[in-house]
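Summary of the model geometry
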Amino acid sequence: MPSILISTSILSADFSNLAGQIRQVEEAGADWVHVDVMDGHFVPNLTMGPFIVETVARLTSLPLDVHLMVDNPDTMIPWYAQAGARRLSVQIETCPHIYRTLEHIRSVGCQPGVVLNPGTPAESLLEVLPLADLVLVMTVNPGFSGQVFIPAMVEKVARVRRLIEQTGSQALIQVDGGIDAGNLPACYKAGARVFVSATGVFKHPQGIAAGIKALRDSVA
Ligand code: DX5
Ligand code: ZN
């Protein structure tokens, strides 16, 4: 059975019962919990901050995969490390000093990830791949859950995979946005191994466990 990791994005969770939702995610065998931090500047939405990360960290022992969609992430890196993030990913478009930013993330004890918007070329990773444990290829324009997957991103995942192979990097490729059982196999074939899903898990008509199972079964 192909080995994939499911990172459930709580952006579509029912926040009136966050503890119950996280418990179901854990019982259903999710691998990571993905927290989408948006600042209302870099993306047109405002979501969660370190307080939520700290709350989720108390609710689960699953690794927290924190996706920062914020301008000037450098000042916030220690906040999220302290709140319990295991993985901390920054959008390359927000980081003029991305090399330093990724080193900073590692220095506070988190595993660094670098995120590319749909319009950002794969090649922009070349100089920083040795510093990243995770490369996140956005498969929608960031800002909201429930958007439609951009098919052209499958070829970009393949380009990122080739760069990873060329440079001998150990980085995992993650995809995020509109991921469902229909498009997951193509992303897997192109090289993605970590799959973020909000709608596919929390809005699945048969519930959270069925949503996670549908994603896994798509490559079984
Ligand atoms: C989008 C976020 C995603 C989002 C995914 O900006 O980065 O993590 O929650 O939601 P779905 O799976 O519904 O596309
Ligand atoms: Zn995300």
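Placed above this text is the structure.
All of the points below concern the structure found in this document. Treat the numbers as computed from the prediction; the structure is a model and nothing was measured.

Next up on the list: the nonpolar core. Of all hydrophobic cores here, the largest spans 66 residues; its most connected members are Ile 10, Val 66, Tyr 80, Leu 88, Val 135 and Phe 195. The biggest single contributor to this core is helix 5 (residues 153-167), with 5 residues.

This next bit is on the coordination of the zinc ion (ligand 2). Of the protein atoms, only His 34 (NE2), Asp 36 (OD), His 67 (ND1) and Asp 176 (OD) coordinate the zinc ion (ligand 2), at distances of 2.1 to 2.3 Å. The site at the zinc ion (ligand 2) holds 6 donor atoms, and with the angles between them running 71 to 167°, its shape is octahedral. Assessed through its relative accessible area of 5%, Asp 36 is described here as buried. Judged by its relative accessible area of 0%, His 67 falls in the buried class.

Another point: the pattern of salt bridges. It is possible for side chains bearing opposite charge to pair when their charged atoms get close. Under the defined criterion, the tally for this structure stands at 6 salt bridges. Where Arg 58 meets Glu 54, a salt bridge forms, and the shortest distance between an N and an O atom there is 3.2 Å. In this pair, Arg 58 and Glu 54 are both assigned in helix 2 (residues 50-59), 4 residues apart and thus about one turn of the helix distant. A residue is classified by how much of its surface remains accessible, and Glu 54, at 32% relative accessible area, is partly exposed.

Here the focus is unusual backbone geometry. In this structure, Asn 72 takes a positive phi of about 50° despite not being glycine. Within the secondary structure, Asn 72 sits in the loop between strand 3 (64-69) and helix 3 (77-83).

Turning next to helix 1 (residues 18-27). Taken as a whole, helix 1 has its buried residues at Leu 18, Gly 20, Gln 21, Ile 22 and Val 25. Contacts made by the buried residues of helix 1 are with strand 1 (5-9), strand 2 (32-38), helix 2, helix 7 (199-202) and helix 8 (208-217). Two residues or fewer past helix 1, Gly 29 is found with a positive phi of approximately 85°.

As a matter of local geometry, ligand 1 sits amid 20 residues, with Gly 143, Gly 146, Asp 176, Gly 178 and Thr 199 nearest to it. Within the contact set of ligand 1, an oxygen atom lies 2.4 Å away from a side-chain nitrogen or oxygen of Thr 199. For ligand 1, the accessible surface in isolation is 380 Å², of which the surrounding protein chains cover 99%. Using a 2 Å cut-off from the grid points, one finds that ligand 1 occupies the largest pocket. When contributions to the shell around ligand 1 are tallied by element, the ones reaching two or more residues are strand 2, strand 3 and strand 8 (194-197). No other element matches strand 2, which puts 3 residues into the shell around ligand 1.

Conventions we followed
Residues numbered from 1 in each chain as written. Chains lettered and ligands numbered in written order. Predicted model: local features only at pLDDT ≥ 70, side-chain atom pairs only at ≥ 80, totals over all residues. Heavy atoms only, no water. Core = buried A, V, L, I, M, F, W, Y, C linked by side-chain atoms within 4.5 Å. Buried < 20%, exposed > 50% of the residue type's maximum accessible area, 1.4 Å probe, protein only. Helix = DSSP H or I, 4+ residues; strand = E, 2+ residues; numbered from the N terminus. Donors = N, O, S within 2.8 Å, 3.2 Å for Na, K, Ca; no water. Tetrahedral: all angles 85-135°; square planar, octahedral: opposite > 155°, others 65-115°. Salt bridge = Lys/Arg side-chain N within 4 Å of Asp/Glu carboxyl O. Contact = heavy atoms within 4.5 Å. Near = heavy atom within 4 Å. Polar contact = N/O pair within 3.5 Å; in protein donor to acceptor, adjacent residues only side chain to side chain. Areas by Shrake-Rupley, 256 points an atom, 1.4 Å probe, with all protein chains shown as cover. 1 Å grid on protein atoms, 1.4 Å probe; cavity = no way out; pocket = protein on both sides within 12 Å on 5 of 7 lines; lining within 4 Å. Sits in = over half its atoms within 2 Å of the grid points.

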